[in-house]
Amino acid sequence: MSAFLSHEHTATGSGHGASSTGTAERVTVAVYAADPILHLGVVQQLRQRPEVDLLPEADAEGAQVSLVVVDHVEDDVATLLKRLRRNSRTHVGLVVGTLGSGALQRVIECGVAAVLRRSEADQDRLVRLVLATANGEGVVPGDLLGKLLTHVGGLRRSALDPQGLSLSTLTTREAEMLRLVSEGLDTAEIARKTSYSERTVKNVLHEVTTRLQLRNRAHAVGFAMRNGLI
């Protein structure tokens, strides 16, 4: 896989100049893909939706969401994800053809907020992925998440971060909420499960990501599982 394409150079306009038809602010999106066909397919799907504002290549660095579309997670994909992670203005979502538990752990460690299989990427799911990514919500295929938990569940305490991370790095409440995030629950569902307000759930998860210097909820879950904290 060589150079990635960020948003389109062709076609009939990206749609970002269209008039607003609703009160909700549109999410700005840049699409990255090595394959022009993959790129065009995703752009055509998103262009039709009023929730999304597709940015031209010149403005891609300022997008709220950077959507990466690939067949497999290879070294060049990881390099791109890490580069995008350094941009504090954007959250990263991934649409991928095939992804095993080891590759899922890798992309989470690269700061990816949400993952969707290409085979499941219809227009509605793509838009949900974009909106969740913009909000820092974790979206991961349930079957892969279960495999990931098994994959990292055998980590020993000696493998914890050299800075001295331990099970006490997270409070009981923080660990519980991260476990629920890892099971695919959103803020409202976590609030119902834990009997806390949605605001409290958001504050607790924000505190975890800020304290551990992580990008988003998905990154926090990957970090906690990798270090045996949940």
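Preceding this paragraph is the structure being described.
Bear in mind the structure is a predicted one, so any value in this text is a computation, not a measurement.

Peer 1: Please explain the overall build of the protein chain as it appears in this structure.
Peer 2: For the protein chain, the count of helices and strands is nine helices and six strands. Once local pairs closer than 6 in sequence are excluded, the contacts in the protein chain between residues at least 24 apart make up 74%.

Peer 1: What's the story with the packing of helix α6 (residues 172–182) against helix α7 (residues 187–194) in this structure? I'm lost.
Peer 2: Helix packing geometry: the angle between the two helix axes and the distance between the axes. Orientation of α6 relative to α7, taken along the N-to-C sense of each, is 130°, at an axis distance of 10 Å. Taken together, α6 and α7 sit at an angle that is classed as oblique. Between α6 and α7 the crossing geometry is right-handed. Contacts between α6 and α7 pair E176, M177, L180 and V181 from the former with I190, K193 and T194 from the latter.

Peer 1: Would you take a moment to explain the environment of V68 for this structure?
Peer 2: Mapped onto the fold, V68 is located in strand β4 (residues 65–70). Residues V68 and Y32 lie 36 residues apart in sequence; the distance between their C-alpha atoms is 4.7 Å.

Peer 1: Mind showing me how you'd approach the environment of L185 here?
Peer 2: Mapped onto the elements, L185 comes out in the loop between α6 and α7. C-alpha of L185 to C-alpha of G138: the two residues are 47 residues apart in sequence and 8.9 Å apart in space. Those residues within four positions of L185 in sequence are excluded, and the remaining contacts are L180, I190 and K193.

Peer 1: Can you help me understand the side chain of S182 in this one?
Peer 2: Counting through the fold element by element, S182 comes out in helix α6. Here the side chain of S182 touches R179 through a polar contact of 2.5 Å, landing on its backbone oxygen.

What counts, and where the lines are drawn
- Residues numbered from 1 in each chain as written.
- Predicted model: local features only at pLDDT ≥ 70, side-chain atom pairs only at ≥ 80, totals over all residues.
- Heavy atoms only, no water.
- Helix = DSSP H or I, 4+ residues; strand = E, 2+ residues; numbered from the N terminus.
- Contact = heavy atoms within 4.5 Å.
- Axes fitted to C-alpha atoms, helices over the stretch in contact; angles between N-to-C directions.
- Parallel < 35°, antiparallel > 145°, perpendicular 65-115°, else oblique.
- Left-handed = near helix turned anticlockwise from the far one by under 90°.
- Polar contact = N/O pair within 3.5 Å; in protein donor to acceptor, adjacent residues only side chain to side chain.

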